[in-house]
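# Topology and contacts: notes
One-letter residues, chain by chain:
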Amino acid sequence: MGGGIVQVCAQAGYRVVVYDVQDAFLQRAMDSLRSTFGMLVGKGKLTAADSEATLERIVASTDLADLAPCQFVIEAAPESIELKRDLFGKLDALCDPATIFASNTSSLSITAIGAATSRPEQVVGMHFFNPAPLLKLVEVVAGQYTSAATIEATVALARKLGKTPVRVKDTPGFIVNRVARPFYGESLRLLGEQTADVATLDRIIEQEGGFRMGPFRLMDLIGIDINFAVTQSVFASYFGEARYRPHPIQQRMVEAGTVGRKTGRGFYDYREEDK
Amino acid sequence: MSRILVAAPPVDLAGETLAADLIAAARAAGHELIVYAPVVASDPEAQPVKISPPTYAYLDDVGDDRLAGVDFALELFDSGPRGWREEKMGVLHELAALPASVPLLSLCNTCSATEAASYYAHSAQVVGFACVRPFERIKLVELLLPLQVRSTDYRPQGGATTEVGVNPNLQMAVAFFQSLGKETAQVGDCVAGVLPRIVAMLANEATYALQEGVATAEDIDTAMKLGANYPLGPLEWADLIGLDVVHATLWALQAESGDDRYRPCALLTRMVAAGLRGKANRRGFYDYT
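Along each chain, residues carry numbers from 1 onward, in the same order as the chain's sequence is written. Both sets of labels track the order of writing: A upward for chains, 1 upward for ligands. For this predicted model, a pLDDT threshold of at least 70 governs which residues receive local features, and a threshold of 80 or more governs which side-chain atom pairs are given and counted, while totals over whole chains, interfaces and linings are taken from all residues.

### Side note on the overall build of chain B
As a reminder, the rule being used: Only DSSP runs of H or I with at least four residues qualify as helices, and only runs of E with at least two residues qualify as strands; both kinds are numbered from the N terminus onward. Whether a residue is buried, exposed or partly exposed follows from its count of other C-beta atoms within 10 Å of its own C-beta, namely 20 or more, 12 or fewer, or something in between, respectively; the C-beta atoms are built from the backbone.
From N to C terminus, chain B includes 11 helices and 7 strands. Counting only residues that meet the buried cut, chain B has 51% of its 289 residues in that class.

Next comes the structure, spelled out in structure tokens:
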């Protein structure tokens, strides 16, 4: 996800410093960006000169101190609260007091991240959706003590990146990952009650509802294990609220090791078409 | 084309109800409709559905000869401004005057087909159906058979889907919706079928988020459309379906299952109490005035 955010920022004309813990990771990210731009140039969606200029705006580094001159930091590290708190704690000492810290977390508390710094009013959520260069939405999340000025600056930045920002209060799952829970939860219940089989449920939801993809096809694509983990996280965050209760079918699929497309089998069988 | 006795709620809601959608679609497809609007004791002020040409009648006025020529009855009570249960029970009770051979298609967005059939004298003639609004947007309607239908006609769903006998009323329902340009899918009997239940739950969750101040109604809808590719935002969708219908769906799911996950959000309950029904009366999560 970090690579997509770097691409979006650099293409919008910002100078970007990319930090990662290993040179190999940075190398891979830059290679991937070059190939993306090469493809865009090939399709005529980007001129060679623009591609070159955009890549020149990006500097890669494994030294956190190189982030010191940045006015805005967007973190897309793995989803571990300890890791993020540690990272922002260090950045707090390195960066200008006016610098805004944004986290791309989809599930962790912005308030908890802000509390690890001396500037919780300048810590904000900036949740992009995958793939970041294509999807327009950015959830701008206000932690307990995030200031209105920080929210407005983040909303303005998201707009400059060509995104559609929505303002969200720091609550588990924010908007999308929370409001979407019943799409999976009710579908799993309908399956569990033998109301219809997987293919019929998907057909109804796609043809009657106009959803691009039915819930079972979508869970297979996301990964049943990932979807189950998000469900459990929201369920735990709301202290066992019945609306977010996971379903035993999810657990059974994870136990079986058939968690969707990436394993060749999930609610549907992809082994034939993958041959 | 069929001659259909339509039992519809006696309220004019500017066409923004599923009953109005279905009456318009059936009429456009060339069916002959005898629109029967029962007198509902709880709602003496209610106006009849405005349709053209006006063929609105009370069952006593329809006449035995015309009743005998009816191919099937279509009962469209999915809710009511002052308690849908009494209205639905009342109309299904009155429809007992129909000949026992006449099939009945019952709208099951706020109950199961089995419950609807339990209020009807010729219960084995019932086929339930469920779908969301707006009707012109959808390509498919769900059909549900009540438990009262003879067991050889009952088709269990899920893993055990097999053709174990053909129900002629089911075939009639398939043909009717085909004439309106819709596909059908049979599902096991339950409250509100598949999609009306899922959309009601999405709308309920979005209402909780709104009540808790997580975001504005506009931002919640925008987020679901752009971030999760939903065809409509859950709150604008609830306005189209009708907040009273969404509320009644949740209420019925909670009543049948006893499961706390279906309890309607207090804000939704209060909006319905305040008479905010959505697009139908131009006030819901959004203002349409």
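### Section: the nonpolar core
Quick reminder of the rule: By convention in this section, buried Ala, Val, Leu, Ile, Met, Phe, Trp, Tyr and Cys residues joined through C-beta atoms within 7 Å make up a nonpolar core. Once C-beta atoms are placed from the backbone, any two residues with those atoms within 7 Å are in contact.
By size, the foremost hydrophobic cluster in this structure holds 156 residues, and its most contacted members are Ile 175 of chain A together with Val 6, Leu 76, Phe 129 and Ile 220 of chain B. Those residues in contact with Val 6 of chain B that lie beyond four places of it in its chain are Ile 23, Leu 33, Ile 34, Val 35, Tyr 36, Leu 74 and Leu 76 of chain B.

### Considerations on the domain arrangement of chain B
Residues and elements named next belong to chain B. Condition: These domain limits were set by an automatic method or by a database of domain assignments. Think of it as three bins: nonpolar holds Ala, Val, Leu, Ile, Met, Phe, Trp, Tyr, Cys and Pro, charged holds Asp, Glu, Lys and Arg, and polar takes everything else, Gly as well.
For chain B, the assigned domains read domain 1 (3–187) and domain 2 (195–281). Taken together, the 17 residues of domain 1 in the interface contact 15 residues of domain 2. Taken together, the residues that form the side of domain 1 that touches domain 2 break down as 9 nonpolar, 5 polar and 3 charged.

### What about the interface of chain A and chain B?
Chain A puts 41 residues into the contact, and the matching count from chain B is 45 residues. Every element with two or more residues in the side of chain A that touches chain B is listed here: β6 (137–142), β7 (164–169), α7 (176–179), α8 (181–192) and α9 (198–207) of chain A. Per-class residue counts for the side of chain A that touches chain B are 18 nonpolar, 9 polar and 14 charged.

### As for the packing of α9 of chain A against helix α10 (residues 215–222) of chain A
Residue and element names in this part refer to chain A. Put simply, the rule is: In this analysis, axes come from line fits to C-alpha atoms, helices being fitted only over the stretch in contact, and the angle between any two N-to-C directions falls in the range 0 to 180 degrees. Roughly parallel here means an angle under 35 degrees, roughly antiparallel means over 145, roughly perpendicular means 65 to 115, and every remaining angle is called oblique.
Two numbers describe how α9 lies on α10: the axes approach to 7 Å, and their chain directions differ by 105°. As judged from the angle between their axes, α9 and α10 are roughly perpendicular. Note on element contacts: α10 touches α9 through Pro 215, Phe 216 and Arg 217, opposite Val 198, Leu 201, Asp 202 and Ile 205. Here the residues of the contact of α9 with α10 are counted per class, giving 5 nonpolar, no polar and 2 charged.

### Remarks on the sheet that holds strand β5 (residues 123–128) of chain A
We apply this condition: When DSSP locates at least two bridges between a pair of strands, those strands are taken to pair.
With respect to topology, 5 strands assemble into an open sheet ordered β3-β4-β5-β6-β7 (chain A), the strand pairing being mixed. Either end of the sheet is taken by a strand with one partner, and the two such strands are β3 (72–75) and β7 of chain A. The mean inter-strand angle of the sheet, taken between neighbouring strand axes irrespective of direction, is 25°. Sheet topology places β3 of chain A next to strand β4 (residues 100–103) of chain A; 4 bridges connect them, and they run parallel. Bridge pairing in β4 of chain A places Glu 75 of chain A opposite Ser 103 of chain A. With respect to the sheet, helix α6 (residues 148–160) of chain A is in contact with β3, β4, β5, β6 and β7 of chain A, its orientation differing from that of β6 of chain A by roughly 170°. On top of the sheet, helix α8 (residues 217–227) of chain B reaches β6 and β7 of chain A; it is set at about 125° to β7 of chain A, its chief contact.

### Points about unusual backbone geometry
Note the cis peptide between Asn 130 of chain A and Pro 131 of chain A, where omega equals -10°. For the bond running from Arg 133 of chain B to Pro 134 of chain B, omega is -15°, close enough to zero to count as cis. With respect to the helices and strands, Pro 134 of chain B occurs in the loop between β5 (126–130) and β6 (140–144). Backbone geometry places Gln 194 of chain A, a non-glycine residue, at a positive phi of 60°. Mapped onto the fold, Gln 194 of chain A is located in the loop between α8 and α9. With 16 C-beta atoms counted inside 10 Å, the residue Gln 194 of chain A sits in the partly exposed group. One non-glycine residue, Asn 229 of chain B, lies in positive phi territory at about 65°. For Asn 229 of chain B, the location among the structural elements is in the loop between α8 and α9 (234–241).

### Observations concerning the pairing of strand β1 (residues 3–7) of chain B
All names here are of chain B. Most of β1 is tucked away: 4 of the 5 residues are buried. Across 5 bridges, the pairing between β1 and strand β2 (residues 32–36) is parallel. Note on β2: the bridge partner recorded for Leu 5 is Ile 34. As paired elements, β1 and strand β3 (residues 72–75) share 4 bridges and run parallel to each other. From the neighbouring strand, Ala 7 faces β3, where its bridge partner is Glu 75.

### A short note on the environment of Ala 142 of chain A
Residues and elements named next belong to chain A. Along the polypeptide, Ala 142 turns up in strand β6. Judged by local crowding, Ala 142 falls into the buried class, with 20 C-beta atoms found within 10 Å. Leaving out residues up to four positions away in the same chain, Ala 142 has contacts with Val 124, Ile 151, Arg 167, Lys 169 and Asp 170.

### Re the environment of Glu 32 of chain B
Residue and element names in this part refer to chain B. Examined against the element boundaries, Glu 32 turns out to sit in strand β2. Along the backbone, Glu 32 and Leu 76 are 44 residues apart, and their C-alpha atoms lie at a distance of 16 Å. Ignoring anything within four residues of it in the chain, the contact list for Glu 32 reads Met 1, Arg 3 and Ile 4.

### Quick notes on helix α4 (residues 81–94) of chain A
In an α-helix there are 3.6 residues to a turn, and that puts residues three or four apart on one side. Residue and element names in this part refer to chain A. This is how the line gets drawn: To estimate the expected span of a helix, subtract one from its residue number and multiply by 1.5 Å. The reported arc concerns the directions from the helix axis to the C-beta atoms and nothing else.
Its 14 residues give α4 an end-to-end C-alpha distance of 20 Å, which sits within 8% of 20 Å, the value for a rise of 1.5 Å per residue. Those residues of α4 that sit buried are Lys 84, Leu 87, Phe 88 and Leu 91. Within α4, the buried residues cover an arc of 90° as seen down the axis, which keeps them to one side. In α4, those exposed residues whose orientation departs by more than 90 degrees from the buried face are Glu 82 and Ala 93. Looking at the packing, one finds that the buried side of α4 touches β3, β4, α5 (110–114) and β5.

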